[in-house]
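This is what each chain is made of:
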Amino acid sequence: KIAKEAGFEGVELNVPGINIDAAKQAVQETGIVIDGTVGGYHWGQRHTDPDPEVRKIALEKLKQGITETAAVGGTTMLLVPGHGKDGSDDEVMERAQIAIRAALPLAKEKGVSILIENVWNDFCYDHEGGNDQTADRLASFIDSFESPWVGVQYDIGNHWKYGDPADWIRTLNKRIKKLDTKGFSRKDGRFTKITEGDIDWASVEKALRDIGFTGWLAAEVGGGDLTRLKEVRDHMEESLHCNKSVAGAG
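Once a new chain begins, its residue numbering starts again from 1 and follows that chain's sequence as written. Local features are withheld for residues below a pLDDT of 70 in this predicted model, meaning they are given only at 70 or higher, and side-chain atom pairs are given and counted only at 80 or more; totals for whole chains, interfaces and linings count all residues. The side-chain figures draw on all heavy atoms in the structure; neither hydrogens nor water molecules are used.

J.: I'd love a proper account of the overall build of the chain, names of residues and values included.
T.: Secondary structure elements are taken from DSSP: a helix is a run of H or I of four residues or more, a strand is a run of E of two residues or more, and numbering for both begins at the N terminus. Broken down by element type, the chain carries eight helices and nine strands. Our radius of gyration is a C-alpha quantity, and the globule rule it is checked against amounts to 2.2 Å times the number of residues to the power 0.38. Against the 2.2 N^0.38 benchmark of 18 Å for 250 residues, the chain shows a C-alpha radius of gyration of 18 Å, consistent with a compact globule. Expressed as lengths along the three principal axes of its C-alpha atoms, the size of the chain is roughly 45 × 45 × 35 Å. The rule is simple: take the accessible area with a 1.4 Å probe, protein chains only, and divide by the maximum for that residue type; under 20% is buried, over 50% is exposed, in between is partly exposed. Scored against the burial criterion, the 250 residues of the chain give a buried share of 46%. Here a residue-residue contact requires only that any non-hydrogen atoms of the pair lie within 4.5 Å. Within the chain, contacts between residues separated by at least 24 positions form 74% of all contacts whose residues are at least 6 apart in sequence.

J.: I'd like a description of the packing of aromatic side chains, backed by residues and values.
T.: Paired rings are identified among Phe, Tyr and Trp, the last through its six-membered ring, by centres lying within 6.5 Å, and are further divided according to the angle between planes into stacked (under 30 degrees), edge-to-face (over 60) and tilted (the rest). With the rule as written, the count across this model stands at eight aromatic pairs. Between Trp 120 and Phe 191 the ring centres are 5.3 Å apart and the planes differ by 45°, which places this aromatic pair in the tilted class. Of the two residues, Trp 120 is situated in the loop between β4 (113-117) and α5 (136-143) and Phe 191 in strand β8 (residues 190-192); the sequence distance between them amounts to 71 residues. By relative accessible area, which is 31% here, Trp 120 ends up partly exposed. Under the relative-accessibility criterion, Phe 191 is labelled partly exposed at 35%. Between Phe 123 and Phe 141 the ring centres are 5.0 Å apart and the planes differ by 85°, which places this aromatic pair in the edge-to-face class. Here Phe 123, found in the loop between β4 and α5, pairs with Phe 141, found in helix α5; they are 18 residues apart in sequence, far enough to count as distant. A single burial state applies to Phe 123 and to Phe 141, both of which are buried. A network of ring pairs unites the aromatic residues Trp 120, Tyr 125, Tyr 162, Phe 184 and Phe 191 as a single cluster. Here, a charge over a ring is recorded when the distance from Lys NZ or Arg CZ to the ring centre is within 6 Å and its angle to the ring normal is within 35 degrees. Lying over the aromatic face of Trp 160, Arg 186 brings its terminal NZ or CZ to 3.6 Å of the ring centre.

J.: Explain the pairing of strand β5 (residues 150-155) to me, using residue names and the numbers behind them.
T.: Regular strands place side chains that alternate from one sheet face to the opposite one. By the criterion of burial, β5 is predominantly enclosed, with six of the six residues buried. Burial of β5 is two-sided: the residues Val 150, Val 152 and Tyr 154 facing one way and the residues Gly 151, Gln 153 and Asp 155 facing the other way are all buried. Pairing between strands is defined by DSSP: at least two bridges between them are needed. Both β4 and β5 contribute to a ladder of four bridges, which runs parallel. Residue pairing in the sheet places Ile 116 in a bridge with Val 152 of β5. The parallel pair β4 and β5, bridged by α5, forms a crossover whose chirality is right-handed. Across four bridges, β5 lies against strand β6 (residues 176-181) in parallel orientation. Within β6, the position partnered with Val 152 by the bridge is Ile 176. With strands facing away from the observer, any crossover in which the path from the first strand over the helix to the second runs clockwise is taken as right-handed. For the crossover from β5 across helix α6 (residues 165-172) to β6, the handedness is right-handed.

J.: Please set out the sheet that holds strand β1 (residues 10-15) residue by residue, giving values where relevant.
T.: Taken together, seven strands build an open sheet; the order of strands is β1-β2-β3-β4-β5-β6-β9 and the sheet is parallel. Both edges of this open sheet fall to β1 and β9 (217-219), since each of them pairs with a single strand only. For this sheet, the mean inter-axis angle between neighbouring strands, taken without regard to orientation, is 30°. Its contacts with the sheet put helix α3 (residues 52-71) on β1, β2 (33-39), β3 (76-79) and β4, and the angle it makes with β3 is roughly 150°. Lines fitted to C-alpha atoms define the axes here, with helix axes fitted over just the stretch in contact, and angles between the N-to-C directions of these axes take values from 0 to 180 degrees.

J.: Quick one: what's the story with the pattern of salt bridges, residue by residue and with numbers?
T.: Criterion for a salt bridge: a side-chain nitrogen of Lys or Arg within 4 Å of a carboxyl oxygen of Asp or Glu. Using the criterion set out here, one finds 13 salt bridges in the structure. For Asp 35, the salt bridge identified is with Lys 178, shortest N-O distance 2.6 Å. Taken as a pair, Asp 35 in strand β2 and Lys 178 in strand β6 lie far apart in primary sequence, 143 residues in all. Between Glu 205 and Arg 209 there is a salt bridge, and its shortest N-O distance comes to 3.1 Å. Placement of the pair is Glu 205 and Arg 209 together in helix α7 (residues 201-210), with a separation of four residues, close to one helical turn. Within this structure, Arg 46, Asp 49 and Asp 86 form a network of salt bridges that share partners.

Honestly, that's just the spatial picture; any functional story needs more than this.
Given below as structure tokens:
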């Protein structure tokens, strides 16, 4: 109710393990949309863990999460596919691909897309590398599935330390199904409120309009009471002009 009052149209829930009946009741009572979910297990049980038993548990949770997502009306589940330190590049890539491919039949059946988020996990980028890295490896990873049920939930602030968000957006293009947003300061080396830090939001907005993006934008920042949530909403609008018509953009 507070999120709705603050001006948000949707929320994401952590899966698996949600109370489906309570979530559906909240939707009915507030009119807010559960547009998708976030895998809440991916640091504890990783799909790239060297232990096959851990990978088995992770896959079970991915499938359970997909099922719960569909049950509450969501159409996407955010996934961190693993961690680059779990083995060689080839081993990590293969394990991540095996897990996602194993879940794809269920994703298709339930109508839930698996969306990969770019996070600080040494996967498809060099954590010790410079700030001129590209999204090419992530794009190739998505393309390897040859499936419309795998895409990207691109986090605008997460890789400003490693590359230009506008360039990443143009490279990933239609692979991007949803967005996360937060601020980051290269100068201070830390995450910030959305409109703080030193991200060039004008260039990000232009890139999103260039690729014709019209999907959901989720704020991945600290929450709080009504006043704080209104601040987050205002920061989202100030940074990317979310309510500006794409058709009317220059």
